[in-house]
Structures are given as structure tokens and as C-alpha cells.
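Chain by chain, the residues run as shown.
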Amino acid sequence: MSADLHCHTKISDGSVPVEEVVSMAKRKGLSAIAVTDHDTFAGTERAEAFGRKIGIRVIPGAEFSALDFSTGRKAHILCYLCDDPERLQSLCRATGEARRKAGSAMLEKVTERYPIPAEMAVRRAEGSTCLFKQHIMHALVDAGYAHEFFGTVYHQLFSYQDGAAYVKIDYPEVHDVIGQIHQAGGIAVLAHPAEYDSYGLLEQLASSHEIDGVEVWHPHNGPEDERKIADAAREYGLIMTGGTDFHGMYTTNPVPIGTRTTPEEQLDRLLQKKKNR
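Description of the structure in this document. Numbering of residues starts from 1 in every chain and runs along the sequence as written. Residue-level local features of this predicted model are given only where pLDDT is at least 70; pairs of side-chain atoms are given and counted only at 80 or more, and the full residue set underlies all totals for whole chains, interfaces and linings. No hydrogens and no water enter the side-chain calculation; it runs on all heavy atoms of the structure.

**With respect to the overall build of the protein chain**
When helices and strands are counted, the protein chain shows 10 helices and seven strands. The C-alpha extent of the protein chain, read off along each of the three principal axes, is 55 × 45 × 40 Å. For the accessible areas, the method is Shrake-Rupley and the probe is 1.4 Å, while residue cover comes only from the protein chains on display. Working note: accessible area of the protein chain is about 12400 Å², and carbon and sulfur atoms make up 48% of it. Neither His nor the chain ends is counted toward charge; the positive residues are Lys and Arg and the negative residues Asp and Glu. Where a charge lies is defined by one atom per residue type: Lys uses NZ, Arg uses CZ, Asp uses CG and Glu uses CD. Side-chain charges in the protein chain split into 30 positive and 39 negative, and the spacing between the mean points of these groups amounts to 3 Å. Where helices and strands are cited, they refer to DSSP runs of H or I of at least four residues and of E of at least two residues respectively, numbered from the N terminus.

**Quick notes on the pairing of strand β2 (residues 32-35)**
Exposed residues in this analysis have more than 50% of their type's maximum accessible area, buried residues have under 20%, and partly exposed residues fall in between, with area computed by a 1.4 Å probe over protein chains only. Side-chain alternation along β2 places Ala32 and Ala34 on one buried face and Ile33 and Val35 on a second face that is also buried. Strands pair, by our definition, only if DSSP identifies at least two bridges between them. Here strand β1 (residues 3-7) pairs with β2 via three bridges, running parallel. Note that in β2 the partner of Ala3 across the bridge is Ala32. When the strands point away from the viewer and the path from the first strand over the helix to the second turns clockwise, the crossover is right-handed. Handedness of the crossover joining β1 and β2 through helix α1 (residues 18-28) is recorded here as right-handed.

**A few points about the side chain of Ser15**
Checked against the element boundaries, Ser15 lands in the loop between β1 and α1. Residue Ser15 is classed as buried on the basis of its relative accessible area of 18%. Any pair of N or O atoms that falls within 3.5 Å is considered a polar contact. Within protein, one atom must be able to donate a hydrogen and the other to accept it, and sequence-neighbouring residues count only if both atoms are side-chain atoms. Reaching out from Ser15, the side chain makes a polar contact with the backbone nitrogen of Met249 at a distance of 2.9 Å. The contact rule is simple, with two residues in contact once any of their heavy atoms fall within 4.5 Å. For Ser15, the residues in contact, after removing those within four places along its chain, are Lys10, His247, Gly248, Met249 and Tyr250.

**A look at the sheet that holds β1**
Read from one edge to the other, the open sheet built from seven strands follows the order β1-β2-β3-β4-β5-β6-β7, with strand pairing classed as mixed. Each edge of the open sheet is held by one strand with a lone partner, namely β1 and β7 (239-242). Geometrically, the sheet is characterised by an average inter-axis angle of 35 degrees between neighbouring strands, direction not taken into account. Set on the sheet, helix α2 (residues 44-54) makes contact with β2 and β3 (57-68); between it and β3 the angle comes to about 155 degrees. Axes, fitted as lines to C-alpha atoms, cover a helix only where it is in contact. Angles between the N-to-C directions of the axes lie from 0 to 180 degrees.

Structure, rendered in C-alpha cells:
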């Protein structure tokens, strides 16, 4: 069997509650699932408890947002099986505060352009640690100003730098994030390097032995991306992970849980890496 090691819930910018995400993984017949909400461990205990109840292993995790200062590009680091999540709470709080501040500013800009009450977006963010762009778009879809979450309206509002409602979020430096994950006893995996054209960063992090693994199987990866990432993983002895990057309906194309997965032998490598530490 295999595992989906990249799933988001309503705790961050997914549309599906924690328990339903875990239930879908069980129904899919997966051996394990990882809950990796953005910059928070808030849902992991609930997910693990519910997983034990219905009989599926839940691997606690989080996806940390970072910035590669050398290129100015974003980078996401998946953290798994952290011994001491409390040691990462200052990192979570700093990013959360920056995201909440940006979310409020973006919502203000949107409500100046569209006659919707701000409460519409706030209600759609209930249960989440922050107000994300997806919640604002959900309100606009419900109000009839857009018919999809990531279409023309989204790009007009939130395109990087020139979007009418875009507000920059200052993310922590990627090397610092990885260092903090390791200090807290976690496994650090570079997420979807093809998405941010981060092959140079992958080479740098792998050759310096900063990361433990890299995400090979992802919905945004084409066959050539998978080949390049897998080749780098084999060259440097990295764990190869995979997952759907599940967000429920907050996505461009439907990606059900379990349609991108981590093979059993790579899951075993991840668990053995943790055991060895």
C-alpha cells in the first residue's frame, strides 16, 4: 500500500474538515496519510486520534512557507514526525501573524472593488488559523462575482506583484526554517520544487545534506519533472515522497486524496530515518 503525505484541511487553506480528510484516506485504502497544514500543527492531534479510532496511520506534519533569499522565490518545506512541535511555535506564530495582517489588507482591497460584506469571507475562514486568499475567493464565488476559485478574477486580484489586491507576505529564510525543523526533531522535505522552479535550491540543499527528502510525486509535476527530481534524490540519497497537496474544492483541477502517493518502501525509509534519530 501507499501513503498520501501532503494534505491540507480547514485548519489552513483546505475546504474539508480534518476528520473527513482522514476518513477519505481510509476509504481509499491508503496505509497512511499526513496532515500538513500551512505553518501550523493545530490539527495534528485531532487527526492522529481520529486515525487511531478508524484504523489508519496519521503522520503528523506541517508545511512551512519560506523564501530562498538568493533567488527571491518561495520555497515550501514539509516537516514530518516532529519530536517537539512547541519549539516551532514561534516560527508558526510569526508567519501566522504576517499572513493574518496581509489577509486583512487584501480583504479590505477586495471589498473596495466588490460590494460584499467582509464578514462573508471571514465566515468562510472559520476553523482556519488565518484568512487565506481562497476564503476571499469563496465569498466572491458565492456572491456571483466569479465562477471558479483560480480563474480570471483570482489573477486580477492576487497575481504576484501586480494583482489589484495583492499584499506581500514576508516569509522566513529557507535555511533557517530547515535548521529549526531539525532542532525540533523533525524530518525536512523540500516540497514540489518544480512549482517554484527551485531545481537550483534542491541541488544546494541536497549537496549540503540540509534536507532529508524531496517531494517527487505531485499533481503539478509532469513526467520530466518527476524524472529530474527522482534523479537528484537518488544521487544524494534523499527520501522520495509524494502526495496530492489536497485542498478539497480550493484547487484548479480536481485532485482526490490518494491520486498521488508515496510508495511503501519510501514511507518505510521516512519512518526508519525518524527511528534512527
